[in-house]
Amino acid sequence: MSSADHWQTRSALAELQLRSGSELKPLWHKVLPQGHGPRHVLVLDSGAVVLMDEWINVPSRHALMLLAPDGSELAHYGLDDLVLRLGVSRRMVADHGRLGLWMSSAPALSEDGSAVVFHSAQRRLILRLADGLLTAID
């Protein structure tokens, strides 16, 4: 991640590259909506990218984003969306947050590789990688 203006503004640039031998081939680059960039990033072997929270620890309208391998946006959830899906109070989410405001542990890839699993407020959020559908389970 970088900034075109040496961080004079909050805009962060991201680029995904494919390594082929000793060469790097840019797949995409874009300005991200998170202030100073995302707090956490997960890049999957498929080229999908999951962006979590903002660098500065604030209740974010960009709490969870899924980008396709071509850089297009598949899903975009704010903190309020996550709390609504979890079906618990915002206070409970905050009380259990350990990695930022809502995650209680590091995300993990599902056993079959089709989703990313997040733990929050004693529940699990499942982000389906194919289309960005987000569901909550106990």
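Read on for an overview of the structure. (Residues numbered from 1 in each chain as written. Predicted model: local features only at pLDDT ≥ 70, side-chain atom pairs only at ≥ 80, totals over all residues. Heavy atoms only, no water.)

## Overview of the overall build of the protein
Here's step 1: Tallying secondary structure elements over the protein gives two helices and ten strands in all.
Here's step 2: Moving toward the C terminus, one meets the helices and strands of the protein in the order β-β-β-β-β-β-α-α-β-β-β-β.
Here's step 3: A compact globule built from 138 residues should have a C-alpha radius of gyration of about 14 Å, and the protein, at 15 Å, falls within 12% of that.
Here's step 4: With respect to the three principal axes, the spread of C-alpha positions in the protein is 45 × 40 × 20 Å.
Here's step 5: A total of 138 residues make up the protein; the buried ones form 39% of that total.
Here's step 6: Taking the intrachain contacts of the protein between residues at least 6 apart in sequence as the baseline, contacts between residues at least 24 apart amount to 33%. (Helix = DSSP H or I, 4+ residues; strand = E, 2+ residues; numbered from the N terminus. Rg over C-alpha atoms; globule rule 2.2 N^0.38 Å. Buried < 20%, exposed > 50% of the residue type's maximum accessible area, 1.4 Å probe, protein only. Contact = heavy atoms within 4.5 Å.)

## Considering the nonpolar core
Here's step 1: Judged by nonpolar contacts, the single largest core of 23 residues is most densely connected at Val50, Leu64, Leu82, Trp102, Phe118 and Leu127.
Here's step 2: Counting residues per element, this core draws most heavily on helix α1 (residues 79-86), which supplies four residues.
Here's step 3: Not counting residues up to four positions away in its chain, the partners in contact with leucine 82 are Ala63, Leu64, Tyr77, Trp102, Leu125 and Leu134.
Here's step 4: Ala14, Leu16, Trp28 and Met65 belong to the second largest nonpolar core, which has eight residues in total. (Core = buried A, V, L, I, M, F, W, Y, C linked by side-chain atoms within 4.5 Å.)

## Description of the pairing of strand β9 (residues 123-128)
Here's step 1: As paired strands, strand β8 (residues 115-120) and β9 are joined by six bridges and run antiparallel to one another. Across the sheet, residue phenylalanine 118 finds its bridge partner in β9, namely leucine 125.
Here's step 2: In textbook terms, the turn of a hairpin is the stretch between consecutive antiparallel strands, and for β8 and β9 this stretch comprises two residues, one of which, alanine 121, has a positive phi near 50°.
Here's step 3: One ladder, built from four bridges, connects β9 with strand β10 (residues 134-137); its direction is antiparallel. Across the sheet, residue leucine 127 finds its bridge partner in β10, namely leucine 134.
Here's step 4: Between β9 and β10, which pair antiparallel and follow one another directly, the connecting turn spans five residues, one of which, glycine 132, has a positive phi of 85°. (Pairing = 2+ DSSP bridges.)

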